[in-house]
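One-letter residues, chain by chain:
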Amino acid sequence: MNRTFKRILIILLAILGFLLIIALIGGFYINSAFLSFGLTQTQPDTEIDILTTGGFQFRDLNRNGVLDPYEDSRISMEERTEDLLSRLTLEEKINMLKGSGIKSLLSMEDPDLLVPGAAGTIEPVHRLGIPRVYLADGPAGLRITPVRKESDKTYYATAFPIATLLASTWNVDLVQDVGRAMGNEVLEYGLDVLLAPGANIQRNPLCGRNFEYYSEDPLLSGYIGAAMVNGIESNGVGTSVKHFVANNQESGRYGNDVIVSQRALREIYLKGFEIIVKESQPWTIMSSYNKVNGTYTSQSRRLLTDILRDEWGFEGLVVTDWFGGSDAVAQIQAGNDLLQPGTRKQWKALKEASEEGALSEGDINTSVRRILKLVLGSRKMDNYAFTNAPDLKNHARITRESASEGMVLLKNEQVLPLQGSEKIALFGVTSFEFIAGGTGSGDVNEAYTVSLQEGLKNAGLDIDQNTADAFEAHKKKNRDAFVKPEGFEAMTNPYNPPQLIPSPDLLQKAAGEADIAIVTLGRNAGEGADRVEKDDFLLSKTEKELIQNVSETFHKAGKKCLVVMNVGGVVETASWKVLPDAILLAWQGGQEGGNAVADILSGKVNPSGKLPMTFPVHLADHASSANFPMDGEPIRFTDAMFGVEEKPESEKIPNTDFTKYEEGIYVGYRHFDTQNKEVSYPFGYGLSYTDFNFSVMEVAVNDSSIDVGITVKNTGEIPGKEVIQIYSSKPDTSIERPRRELRAFGKTPLLQPGDSTRIHLSVPVSELSYWSEKKSGWELEPGTYVLEAGTSSRDIKVSLPVEVRMPQKVQ
Ligand code: BGC
């Protein structure tokens, strides 16, 4: 007995020892590969002094007692950068090309890394007083760790509405205001670059990250994105417009090869980025994970240098997506200046290539120059005293206002706005657990989220207690399923608590006591996996039953039922939209979502949001659905950390290892309208509580632009805003082109009943060009175009022909 016991003990100890050794080796490997590598630097023990010379005050960064050119903010950025560059050793330069690992991303406390939760940093140069610069996510607001060890203070950021909602406002001024508030949090929490906005095209409804993107249309994506960049950067912090380019799915994302025509690339996928670069000159652009036609975007000199810089004039730096690409040297040579978050492998590869002459100092200098320019231009450089106390209250107000402006009223049969005295019965678990935004790096650590129930209560509406109590009991019973996953877990396991089906008794009781029913549909997706059709794009059986039962019971009792869609992307609506009396597409409105919905339902805000994408009848109606991953396979983080295995052609899996964009330019409404395919709700669609009339359209063709003037009148009884969408079509075209394409848009101010306003929009003539594969350039077809002003791509109010006679000179 004793011997057996001893043996077992020895075996157990041996296993334990073995596991310990594995853990130690693993720990050592992780530490040296991803956490601690690169140049070892020590902080000088003297402070940086402020000195005065000839009446000019400067920070003596290198502590040498004299004013050096790079310390002199009066001279040009070019001169300062060159001076600083000349002071760096080759090793210091290489050290700056890669980030400092994933310590800050993992919120590891390190005295040298001051902002836990920041996704990455640019390496400092201590001896020259060059500070560490921080990069943090993301598109719906700053993502940092909200609590820190040894601090009672909290660092919550505002969860602003998701990008798709912001695009649904079609209001560039409002988006710029949101950007200004977002950027202020970046500045005041001591960060330097926000890894946003996302400007990829919503090629297919199933892309898990669509909520981080704006639209299926490049023009709308481009102008909304530029407004966001201008707003954020007005704070003296940078942006990183991502993910450049054609990153339209999560499945196989670290190595997916996008096979796409040059025409579709130029007209659809690059176009939005082109507009953003030209309208806002962002500090940085983030290259994407995927390949385009065989080459990783981060290793494509054609994309990053020839197109982005030489053609469009981009002046900032390009940063990889986190762990993106496979060859550090090729990345620098292509014009991808900064490798994030940085690994030992990259550090070694760059050093070796430089020693062997495979990577020239000229190439290194080109990238380091861009990095230095960013650092010198940052507020960190002038030692900005950030407060760690942004005005979160004011930002909550901005969030609420922007959220209500981007919500889209899809249906309203004399039910909204509410009278104000109704008692409301809430159904659907998300009525009580409202979803603020998507998951992954686009998620924000906000202090609170206002649920629909709270929002309605705050608006003074009465909530039926029967259904509220039933929800509480359901939550208690399924306690574990109602625990919101955080961090990495949320990426692969988004929060989707189980639905509650009300019993017939409960339904009857609620229909007897309440005046109106609201059913909320919730969806939660994000980085880490694409969505799937069943129970996600399509409603689940339970959800359909819920809408059916609630609307039938309430209708029988002579009462109305409405549906609120708290979703981050497109959901099927055609099969059930007849059932409720009203449908509000609330999107995910950030932390003030419940209040914003209440503002619309109560009539405090008249809805003016318009769809930035088509709601199809069937998923398969999208041309891209023929070549899109349908199984929602989660991404593999091991691919990110250890690289993607290159497979022989014959073993490659379609839509994971490669995706053929066979639909070409026919993305979204370009496809539906050209094919005259029935849709559930068209691109640009959205209802108001009032009516508008479009009249007196005038167009004037100048050398380089077509100026459009149109009068919009509020002919209804409630103040409201309207969006004007200008499309172009070319009826006698000799090439293949979409039936119509969005060329300009604008939004009226709040118009009082009976008031009208004149909207002036301009369409650059060059924007009528198409990309000629034959000539490998933009071509303008002369002749008659029709300019159409409408309130959706299927509701054209006024149209006028214009003659574009001579082919214009196109850049
Ligand atoms: C995402 C980026 C993000 C980065 C840093 C990546 O996984 O694709 O959008 O900015 O992580 O968090």
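Along every chain, residues carry numbers that run from 1 in the direction the sequence is written. For a predicted model such as this one, the threshold for reporting local features is a pLDDT of at least 70, and the threshold for listing and counting side-chain atom pairs is 80 or more; totals across whole chains, interfaces and linings nevertheless cover every residue. Working from all heavy atoms in the structure, the side-chain values ignore hydrogens and water.

It is worth spelling out the overall build of the protein chain at this point. When its secondary structure is counted, the protein chain shows 22 helices and 29 strands. Atoms considered for the radius of gyration are the C-alpha atoms alone. The globule rule reads 2.2 Å times the number of residues to the power 0.38. Taken against the 2.2 N^0.38 rule, which gives 28 Å for 811 residues, the C-alpha radius of gyration of the protein chain at 28 Å falls within 12% of a compact globule. Counting only C-alpha atoms and orienting by the principal axes, one finds that the protein chain spans roughly 95 × 80 × 65 Å. Residues counted as buried form 60% of the 811 residues belonging to the protein chain. Here a residue-residue contact requires only that any non-hydrogen atoms of the pair lie within 4.5 Å. Counting contacts in the protein chain only where the partners sit at least 6 residues apart, residues at least 24 apart contribute 77% of the total. Under the convention used here, a 1.4 Å probe and the Shrake-Rupley method define accessible areas, while residue burial counts only the protein chains that appear. Looking at the protein chain as shown, the accessible area adds up to about 31600 Å², and 51% of this sits on carbon and sulfur atoms. Labels follow the DSSP assignment, with helices taken as runs of H or I lasting at least four residues and strands as runs of E lasting at least two, numbered in each case from the N terminus. Throughout, exposure labels follow a simple rule: accessible area from a 1.4 Å probe, protein chains only, divided by the maximum for the residue type, with under 20% read as buried, over 50% as exposed, and the rest as partly exposed.

Only a single heavy atom is needed: when it lies within 4 Å of a molecule or strand, its residue is near that molecule or strand. Asp137, Arg209, His243, Asp321 and Glu527 are the nearest of the 13 residues found near the ligand. Between an oxygen atom of the ligand and a side-chain N or O atom of His243, the distance comes to 2.7 Å. Residues of the shell around the ligand, tallied by class, amount to five nonpolar, two polar and six charged. Here a polar contact is taken to be a pair of N or O atoms separated by no more than 3.5 Å, where protein atoms must pair a possible hydrogen donor with a possible acceptor and residues adjacent in sequence count only if both atoms sit in side chains. Lys, Arg, Asp and Glu make up the charged group, whereas Ala, Val, Leu, Ile, Met, Phe, Trp, Tyr, Cys and Pro make up the nonpolar group; the residues left over, Gly among them, are polar.

This next bit is on the sheet that holds strand S3 (residues 120–122). At least two DSSP bridges between two strands are required for those strands to pair. Pairing is mixed across the open sheet formed by six strands, whose spatial order is S3-S4-S5-S6-S8-S11. Among the strands making up the open sheet, the edge pair consists of S3 and strand S11 (317–319). Between one strand axis and the next, the sheet turns through 30 degrees on average, direction left out of account. Strand direction decides the pairing type here: strand S8 (residues 284–287) and S11, joined by three bridges, are parallel. Paired with Thr284 across the two strands is Leu317, which belongs to S11. Sitting on the sheet, helix H8 (residues 271–280) is in contact with strand S6 (238–244) and S8, with an inclination near 160 degrees to S6. Between the N-to-C directions of two axes lies an angle of 0 to 180 degrees, each axis being a line fitted to C-alpha atoms and, for a helix, fitted only over the stretch in contact.

What follows concerns the environment of Arg143. Relative to the elements of secondary structure, Arg143 occurs in the loop between strand S4 (133–137) and helix H4 (163–168). Taking the C-alpha atoms as reference points, Arg143 and Ser354, 211 residues apart in sequence, are found 36 Å from one another. For Arg143, the contacting residues outside a window of four places in its chain are Gly117, Ala136, Asp137, Gly138, Gly440, Ser441, Asp443, Val444, Asn445 and Gly487.

Across the sheet, which stays open at both edges, the three strands sit in the order S21-S22-S25 with antiparallel pairing between neighbours. The sheet is open, and its two edges are formed by strand S21 (692–701) and strand S25 (756–764), each paired on a single side. Sheet twist, expressed as the mean angle between neighbouring strand axes with direction ignored, is 20 degrees. In this structure, strand S22 (residues 705–714) lies alongside S25, joined through nine bridges in antiparallel fashion. Counted as the bridge partner of Asp707 is Ser762 from S25.

For the rest of this paragraph, the subject is helix H15 (residues 465–477). Here, expected helix span is obtained from the residue count minus one, scaled by 1.5 Å. If you check H15, its first and last C-alpha atoms are 18 Å apart, about what 13 residues at 1.5 Å a residue would give, namely 18 Å. Burial in H15 covers these residues: Asn466, Thr467, Ala468, Phe471 and His474. Those residues of H15 hidden inside the fold are in contact with strand S13 (423–427), helix H14 (452–458) and helix H17 (504–513).

Take the nonpolar core next. As used in this record, nonpolar core signifies buried Ala, Val, Leu, Ile, Met, Phe, Trp, Tyr and Cys residues forming a set joined through side-chain atoms within 4.5 Å. Among the nonpolar cores identified, the biggest contains 115 residues, and Leu191, Phe427, Leu456, Phe554, Met565 and Trp587 are the most heavily contacted of them. In terms of residue count, helix H5 (residues 172–188) provides more of this core than any other element does, seven residues in total. When residues no more than four places from it in sequence are discounted, the contact partners of Leu191 are Val115, Ala118, Tyr134, Ala136, Leu142, Ile144, Val186, Val237 and Lys380. Ranked by size, the runner-up nonpolar core spans 48 residues in total, among them Leu85, Leu88, Val329 and Ile332.

Before going further, it helps to examine empty space enclosed by the protein. Once rolled over the atoms, a probe with the size of a water molecule shows which space is left empty. Using a grid of 1 Å spacing that covers the protein atoms alone, one calls a set of points a cavity when a 1.4 Å probe fits there but cannot get out, and a pocket when the set is open and has protein on both sides within 12 Å along at least five of seven lines; lining residues are those with an atom within 4 Å of a point. Grid points are joined across faces, edges and corners, and a volume is the space filled by probe spheres set on the points. Applying the stated criterion to the full structure yields 10 cavities of 30 Å³ or more. Each pocket or cavity is described by its volume, and for the largest cavity that value is around 150 Å³. As for the largest cavity, its lining consists of Pro218, Leu219, Glu267, Lys271, Arg670, Glu741, Leu742, Arg743, Ser766, Glu767, Ser769 and Trp778. Those elements that place two or more of their residues in the lining of the largest cavity are helix H6 (218–233) and strand S24 (741–747). If one sorts the elements of the lining of the largest cavity by residue count, S24 sits on top with three residues. Along the lines of polarity and charge, the residues of the lining of the largest cavity split into four nonpolar, two polar and six charged.

Take the pattern of salt bridges next. What makes a salt bridge here is a side-chain nitrogen of Lys or Arg within 4 Å of a carboxyl oxygen of Asp or Glu, nothing more. Per the stated rule, a full pass over the model turns up 55 salt bridges. As a salt-bridge pair, Lys475 and Glu433 come within 3.0 Å of each other at their nearest N and O atoms. Highlighted residues: Lys475 in helix H15 and Glu433 in the loop between S13 and H14, separated in sequence by 42 residues. Asp536 is paired through a salt bridge with Arg531; the nearest N and O atoms lie 2.9 Å apart. Summarising the burial analysis for this pair, Asp536 and Arg531 share the class buried. Look at the salt bridges and you will find they share partners, linking Arg209, Glu212, Glu250, Arg253 and Glu527 into a network.

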